[in-house]
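Each chain, written out:
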Amino acid sequence: NAGVTQTPKFQVLKTGQSMTLQCAQDMNHEYMSWYRQDPGMGLRLIHYSVGAGITDQGEVPNGYNVSRSTTEDFPLRLLSAAPSQTSVYFCASSPLIFTGRSYEQYFGPGTRLTVT
Amino acid sequence: ILNVEQSPQSLHVQEGDSTNFTCSFPSSNFYALHWYRWETAKSPEALFVMTLNGDEKKKGRISATLNTKEGYSYLYIKGSQPEDSATYLCAFGSGSARQLTFGSGTQLTVLP
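Colleague: How should I be thinking about the side chain of Ser93 of chain A in this particular structure?
Modeller: All names here are of chain A. By the element assignment, Ser93 lies in strand β9 (residues 87–94). Assessed through its relative accessible area of 0%, Ser93 is described here as buried. For Ser93, the side chain forms a polar contact with the side chain of His29, separated by 2.8 Å. The contacts of Ser93, once residues within four sequence positions are left out, are Val4, Gln25, Met27, His29, Tyr31, Met32, Glu104, Gln105 and Tyr106.

Here's what the structure looks like:
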């Protein structure tokens, strides 16, 4: 198993450009999520999905879109990059959380994004 | 926005010392509490997932306790080693726990 993979590892964008961060997992996990990590602020949830065709917003969704057409893939789109989106982005997956259980999340290696 | 606080923010200990850190979270609508270990230049890795008040989990020299009524969890490391140096994150799940709220972490440095 490759686990959770993310591409690219590093990216530099100019303000106003758009791009897609890729995330894939091969563990057949229903739950996938995107976080951003900023100094002193921990991980903040951007969007999440509980299965193909189902997505929802997290704490900081503005400026980002997601879709989930397959169980394996959960891309994150930056619509019009802004310097405030300079961050490290982590994708994570877990078995679907259901009543009475909570499963650990498996994180990808991260994408370091700089917007100039 | 839920408030999940970790203390201390950073900690330096000598090799062999035992240490502990705290995660504070809302005491209402509790679902789960996760602990993750995050080494520099790597991804966070799960240590424990706890769902019941009074839960105690142990993995080697690391253990954790949970008090959902008062809203805190402790992470203990016995006999710290340099390889324990990392940031330790806790994450609180409320309601259906489809969203985890992370604390900002405790950065541990173990000096040889």
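Once the structure has been displayed, the description carries forward.
Colleague: What should I look at first to understand the packing of aromatic side chains in this one?
Modeller: The relation between two aromatic rings is expressed through the spacing of the ring centres and the mutual angle of the planes. Summed over all chains, the structure comprises 15 aromatic pairs over all chains. A centroid spacing of 5.8 Å and a plane angle of 40° characterise the contact between Tyr35 of chain A and Phe107 of chain A, whose relative ring orientation is tilted. Note that Tyr35 of chain A is positioned in strand β4 (residues 31–37) and Phe107 of chain A in strand β10 (residues 106–107), a separation of 72 residues in sequence. Exposure class is identical for Tyr35 of chain A and Phe107 of chain A. Each is buried. Their ring planes at 35° and their centres at 5.5 Å tell us that Phe25 of chain B and Phe30 of chain B sit as a pair that is tilted. Looking at Phe25 of chain B, the relative accessible area reads 6%, which means it is buried. Pairwise contacts between aromatic rings join Tyr35, Phe90 and Phe107 of chain A together with Tyr36, Trp38 and Phe102 of chain B into one cluster. The positively charged end of Arg68 of chain A is found above the aromatic ring belonging to Phe74 of chain A, 5.9 Å away from the centroid.

Cut-off values and rules
- Residues numbered from 1 in each chain as written.
- Chains lettered and ligands numbered in written order.
- Predicted model: local features only at pLDDT ≥ 70, side-chain atom pairs only at ≥ 80, totals over all residues.
- Heavy atoms only, no water.
- Helix = DSSP H or I, 4+ residues; strand = E, 2+ residues; numbered from the N terminus.
- Buried < 20%, exposed > 50% of the residue type's maximum accessible area, 1.4 Å probe, protein only.
- Polar contact = N/O pair within 3.5 Å; in protein donor to acceptor, adjacent residues only side chain to side chain.
- Contact = heavy atoms within 4.5 Å.
- Phe/Tyr/Trp six-rings, centres within 6.5 Å; stacked < 30°, edge-to-face > 60°.
- Lys NZ or Arg CZ within 6 Å of the ring centre and 35° of its normal.

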